[in-house]
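Here are the chains, one letter per residue:
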Amino acid sequence: MTDEFTRDELVARLVRAGELEVSGDDLTEAATYFDTKGFRFHGPDGFESDFDGLSAYFAAVREAFDNRSIRRGIVVAEGDHMACQTWIEGTFVREFTQSPVGPLPPNGEHVVFDLINIFRFDDRGRLVEEWVRTDNRALLRQLSAEGSRPDGPRG
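Attention here is on the structure that accompanies the text. (Residues numbered from 1 in each chain as written. Predicted model: local features only at pLDDT ≥ 70, side-chain atom pairs only at ≥ 80, totals over all residues. Heavy atoms only, no water.)

Glancing now at the pattern of salt bridges. According to the stated counting rule, one finds nine salt bridges in the structure shown. Note that Glu63 and Arg94 form a salt bridge whose closest N and O atoms lie 3.4 Å from each other. Placement of the pair is Glu63 in helix 3 (residues 51–64) and Arg94 in the loop between strand 4 (81–92) and strand 5 (110–121), with a sequence separation of 31 residues. Accessibility expressed as a relative area gives 30% for Arg94, which makes it partly exposed. For the salt bridge of Arg94 with Asp66, the shortest nitrogen-to-oxygen distance reads 2.6 Å. One end of the pair, Arg94, is in the loop between strand 4 and strand 5; the other, Asp66, is in strand 3 (residues 65–78), and 28 residues separate them in sequence. Given the relative accessible area of 29%, Asp66 is considered partly exposed. Through salt bridges with shared partners, a single network forms among Arg16, Glu19 and Glu29. (Salt bridge = Lys/Arg side-chain N within 4 Å of Asp/Glu carboxyl O. Helix = DSSP H or I, 4+ residues; strand = E, 2+ residues; numbered from the N terminus. Buried < 20%, exposed > 50% of the residue type's maximum accessible area, 1.4 Å probe, protein only.)

Here it is as structure tokens:
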């Protein structure tokens, strides 16, 4: 853990940062939970970004989805790292410009982003690194962009 924050305080900071990014209610406050200069994001399929890229992604989510919410599941903490389950949900009502396959038109459906996250905090309790894993195929199916699937086992 960091010198300044307990595990529970870091969990609360993580939850609050996610709530603010998803809602867009106070992006100035949201930025205080990150090392905005040094933050690195490592996503599925080799996607890499910085804080500005992460902010742009969440702006696209806020634009495309109404009735958004975020929930965190099981949280495991070890040193300055924290891992958890995350579900971001919303109704897909406008174009989503940041899907894994590029811009997609809305389908009006309720969509659940089901994620596994690992976060690293600095000694000031700020997020400095994040790794995300998700099933993009399941997400694309919800976004009506599944494409054709060859015969055979799914995996």
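On we go.
Examined bridge by bridge, strand 1 (residues 40–42) and strand 6 (residues 127–134) share three bridges and lie parallel to one another. By the bridge assignment, Arg40 is partnered in strand 6 with Glu129. Relative to strand 6, strand 5 runs antiparallel, the two sharing seven bridges. Bridge pairing in strand 6 places Ile118 opposite Trp131. Taking the residues that link successive antiparallel strands as the turn, the strand 5-strand 6 hairpin has five residues, and the phi of Gly125 there is positive, at about 75 degrees. (Pairing = 2+ DSSP bridges.)

A separate point is the packing of aromatic side chains. Applying the stated criterion to the full structure yields 10 aromatic pairs. Here the aromatic rings of Phe34 and Phe39 are separated by 5.3 Å at their centres, their planes lie at 85 degrees, and the arrangement is edge-to-face. On the numbers, 5.8 Å between centres and 75 degrees between planes, the contact of Tyr57 with Phe58 is edge-to-face. According to the relative accessible area criterion, Phe58 is buried, its value standing at 11%. The rings of Tyr57, Phe58, Phe65, Phe92, Phe96 and Phe113 are connected pair by pair, giving a single aromatic cluster. For Arg13, the ring lying beneath its charged end belongs to Phe5, and the centroid distance is 4.8 Å. (Phe/Tyr/Trp six-rings, centres within 6.5 Å; stacked < 30°, edge-to-face > 60°. Lys NZ or Arg CZ within 6 Å of the ring centre and 35° of its normal.)

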